Amino acid sequence: MYGDRGNIICLKKRCEWRGISLLIEEIKKPEDARKTGCDLFMIGGGSDREQSIATTRLDPLVKEIKSWIEDGVSALTICGGYQFLGDYYEMKNGEKLKGMGILPFYTKAGVNRLMTNLLVESEQFGNVVGFENHGGKTYHNYATLGKVINGYGNNEESGEEGLHYHHLIGTYLHGPILPKNPRIADYLIEKAYERKTGRMLEPLNDEIENKTNQTVWERFRHSKRTKYTNEA
Ligand code: GLN
């Protein structure tokens, strides 16, 4: 959901443009992942219902996913995929979805659905743009992607968005996030490529991507946060 699959297309193209062939595997069952291992993985978002199914399906993979992250594998986990790295996600109806418990944090749904254009000022990745659409509010003490300029991010209190641990990025940014934020895309590819080959990644000409990012940033950087109720 939410177009997160577009991140895979972006990663594939940014590798192809460098002559790097990227083998992409869609993991439908844990044994698929166990067989191949990986240099980079992405878990996208989903509604609460899908999330509860995915949480159960991913349970047998927790040990592998934790070791990949600790071993410096690049990872992009988005919204629901970000939430279930933690211990639990308490949905609006009070039901607690068990997370993978890979990092000690939690998510709790609030009254309002947090749905708006999300702009983040990141020391490492510059101006980061996208949109967010989540009920869950996430609380942790890890490094974040940066400061929220418009929107909500992790929750309505901290003014911060995302999580950054080793080469794992957790984020509420849909969009998909990577095409309009090439520095994040290349961070994930660079860490995977260096870890696998020991070679440096060649830069790309990101003129179009940066212009797109700037256009979105300028369009929303002065807009007020908008708060929607779930009824909207
Ligand atoms: N179902 C979760 C929530 O509402 C995640 C939503 C998403 O992945 N966009 O917070």
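Before reading on, note that the structure itself is shown above.
Residues numbered from 1 in each chain as written. Predicted model: local features only at pLDDT ≥ 70, side-chain atom pairs only at ≥ 80, totals over all residues. Heavy atoms only, no water.

Could you give an account of helix 3 (residues 48–58), with specific residues and numbers?
Residue pairs spaced three or four apart in an α-helix point in one direction, given the helix's 3.6 residues per turn. Of all the residues in helix 3, the buried ones are Q51, T55 and L58. Down the axis, helix 3 shows its buried residues gathered within 75° of arc, on one side only. The outward face of helix 3, more than 90 degrees from its buried face, is lined by the exposed residues R49, T56 and R57. (Buried < 20%, exposed > 50% of the residue type's maximum accessible area, 1.4 Å probe, protein only. Helix = DSSP H or I, 4+ residues; strand = E, 2+ residues; numbered from the N terminus. Arc of directions from axis to C-beta.)

Account for the sheet that holds strand 10 (residues 168–171), naming residues and giving values.
Across the sheet, which stays open at both edges, the 4 strands sit in the order 1-2-10-9 with mixed pairing between neighbours. Unpaired on one side and paired on the other, strand 1 (40–43) and strand 9 (163–165) mark the two borders of the sheet. Here the average twist between neighbouring strands, direction ignored, is 10°. Note that strand 9 and strand 10 share 3 bridges and pair antiparallel. Among the inter-strand pairings, H164 is bridged to a residue of strand 10, identified as I169. With respect to the sheet, helix 4 (residues 62–70) is in contact with strand 1, strand 9 and strand 10, its orientation differing from that of strand 1 by roughly 125°. (Pairing = 2+ DSSP bridges. Axes fitted to C-alpha atoms, helices over the stretch in contact; angles between N-to-C directions. Contact = heavy atoms within 4.5 Å.)

Describe the side chain of N154, and please don't skip the residues or the numbers.
Along the polypeptide, N154 turns up in the loop between strand 7 (146–150) and strand 8 (160–161). Of the polar contacts made by the side chain of N154, one reaches the backbone nitrogen of G162; its length is 2.8 Å. If we ignore the near neighbours within four places in the chain, the residues touching N154 are Y82, G136, K137, T138, H140, T144, E160, E161, G162 and Y172. (Polar contact = N/O pair within 3.5 Å; in protein donor to acceptor, adjacent residues only side chain to side chain.)

Run through helix 6 (residues 182–197), naming residues and quoting values.
If you check helix 6, its first and last C-alpha atoms are 21 Å apart, about what 16 residues at 1.5 Å a residue would give, namely 22 Å. When we look at burial in helix 6, the residues that qualify are P182, I184, A185, D186, Y187, L188, I189, A192 and Y193. In the stretch just after helix 6, G198 is the one whose phi turns positive, near 75°. (Expected span 1.5 Å × (residues − 1).)

Tell me about the site of the ligand, residues and numbers included.
Around the ligand, the structure places 16 residues, and the nearest of them are G46, D48, C79, G136 and H174. Within the contact set of the ligand, a nitrogen atom lies 3.5 Å away from a side-chain nitrogen or oxygen of Y2. Between the ligand and Q51, the relevant distance is 3.0 Å, taken from a nitrogen atom to a side-chain nitrogen or oxygen of the residue. Bound to the protein, the ligand loses 99% of the 300 Å² it would expose on its own. For the shell around the ligand, the secondary structure elements donating two or more residues are helix 3, helix 5 (80–83) and strand 6 (126–139). Looking at the shell around the ligand element by element, the count peaks at 4 residues for strand 6. (Near = heavy atom within 4 Å. Areas by Shrake-Rupley, 256 points an atom, 1.4 Å probe, with all protein chains shown as cover.)

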